[in-house]
Amino acid sequence: MRRDERQLTAQHAPEIHLALLSSHVTRQLRRLERIGYVVRVADPDDHRAQLVQLTGAGLAVVERIREAGRRGVELALADWTPDELERFATLFRRLVHDFVAHTETPPDLPARATAARRPQPSSGVNAQTHGDSSSP
């Protein structure tokens, strides 16, 4: 895991776009610290801020979760045809794009405002996916 994946400043937590209250984030951070998955360290660029860093134990848990997710998706898609995988990949890319666009919309704007910014799906199917070519 890269350094930027292991460390976040507390002020960056809201940028994850999960709309969590700071008290909830603080409570969860304390719990993760208590069980040894994260530590807080001084931000070398801003001494008023702290970074949250995964420990070795925390990184191991993240890797186990990622691997379980990969295995689960691989098993779930094992019997899908190439055509089904291609359609799923196209729709999944659209879902991710729409989710990101929606979360970046200020709350006082109607959701329809982002629809104008969304690229329309092409009539042809693009089989290009990120990562391994055997999975979407």
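Everything numeric here is computed off the predicted structure, so don't read it as measured data. (Residues numbered from 1 in each chain as written. Predicted model: local features only at pLDDT ≥ 70, side-chain atom pairs only at ≥ 80, totals over all residues. Heavy atoms only, no water.)

Bringing the overall build of the chain into the picture now. Along the backbone of the chain there are 5 helices and 3 strands. Secondary structure of the chain in N-to-C order comes out as α-β-α-β-β-α-α-α. Classification of the 136 residues of the chain by burial places 15% in the buried group. Taking all contacts inside the chain whose residues are at least 6 apart in sequence as the whole, residues at least 24 apart take part in 46%. Summed over its atoms, the accessible surface of the chain is roughly 10800 Å², and 57% of this surface lies on carbon and sulfur atoms. (Helix = DSSP H or I, 4+ residues; strand = E, 2+ residues; numbered from the N terminus. Buried < 20%, exposed > 50% of the residue type's maximum accessible area, 1.4 Å probe, protein only. Contact = heavy atoms within 4.5 Å. Areas by Shrake-Rupley, 256 points an atom, 1.4 Å probe, with all protein chains shown as cover.)

For helix H4 (residues 82–103), with 22 residues, the first-to-last C-alpha span of 31 Å sits near the 32 Å given by 1.5 Å per residue. Within H4, the full set of buried residues consists of Leu85, Ala89 and Ala101. End-on, the buried residues of H4 take up no more than an arc of 145 degrees, which puts them together on one face. Among the exposed residues of H4, those pointing more than 90 degrees away from its buried face are Asp83, Leu91 and Leu95. (Expected span 1.5 Å × (residues − 1). Arc of directions from axis to C-beta.)

The pairing of strand S2 (residues 38–43) with strand S3 (residues 46–54) spans 6 bridges and is classified as antiparallel. Looking at the pairing, Val41 lines up with Leu51 of S3. Hairpin geometry of S2 and S3 is characterised by an intervening segment of 2 residues between the two adjacent antiparallel strands. (Pairing = 2+ DSSP bridges.)

This part is about the pattern of salt bridges. On inspection of all chains with the given rule, the structure shows 6 salt bridges. Two residues, Arg48 and Asp46, come together in a salt bridge whose shortest N-O distance is 3.0 Å. Overall, the relative accessible area of 77% leaves Arg48 in the exposed class. Among the charged side chains, a network of salt bridges with common partners joins Glu67, Arg70 and Arg71. (Salt bridge = Lys/Arg side-chain N within 4 Å of Asp/Glu carboxyl O.)

So, about helix H3 (residues 56–77). Its 22 residues give H3 an end-to-end C-alpha distance of 32 Å, which sits within 8% of 32 Å, the value for a rise of 1.5 Å per residue. Looking only at H3, the buried set comprises Gly58, Leu59, Val61 and Leu77. For H3, the angular spread of the buried residues around the axis is 160 degrees, confining them to a single face. Across from the buried face of H3, at angles greater than 90 degrees, the exposed residues are Gly56, Arg64, Glu74 and Leu75.

The next thing to look at is a positive patch on the surface. On the surface, a cluster of positive charge is made up of Arg27, Arg30, Arg31 and Arg34. In this structure, Arg27 sits in helix H2 (residues 22–34). (Patch = residues over 30% accessible without salt bridge, like charges linked within 9 Å, V, L, I, M, F, W, Y side chains within 5 Å. Lys, Arg positive; Asp, Glu negative; His and termini not counted. Charge placed at Lys NZ, Arg CZ, Asp CG, Glu CD.)

Below, the discussion takes up the environment of Leu77. Along the polypeptide, Leu77 turns up in helix H3. Relative accessible area serves as the criterion here: at 11%, Leu77 is assigned to the buried category. Separated by 11 residues in sequence, Leu77 and Phe88 have C-alpha atoms that sit 10.0 Å apart.

With that settled, consider the side chain of Asp43. With respect to the element layout, Asp43 can be found in strand S2. Among the residues examined, Asp43 registers a relative accessible area of 8% and is labelled buried. At 2.8 Å, the side chain of Asp43 and the backbone nitrogen of Asp45 are in polar contact. (Polar contact = N/O pair within 3.5 Å; in protein donor to acceptor, adjacent residues only side chain to side chain.)

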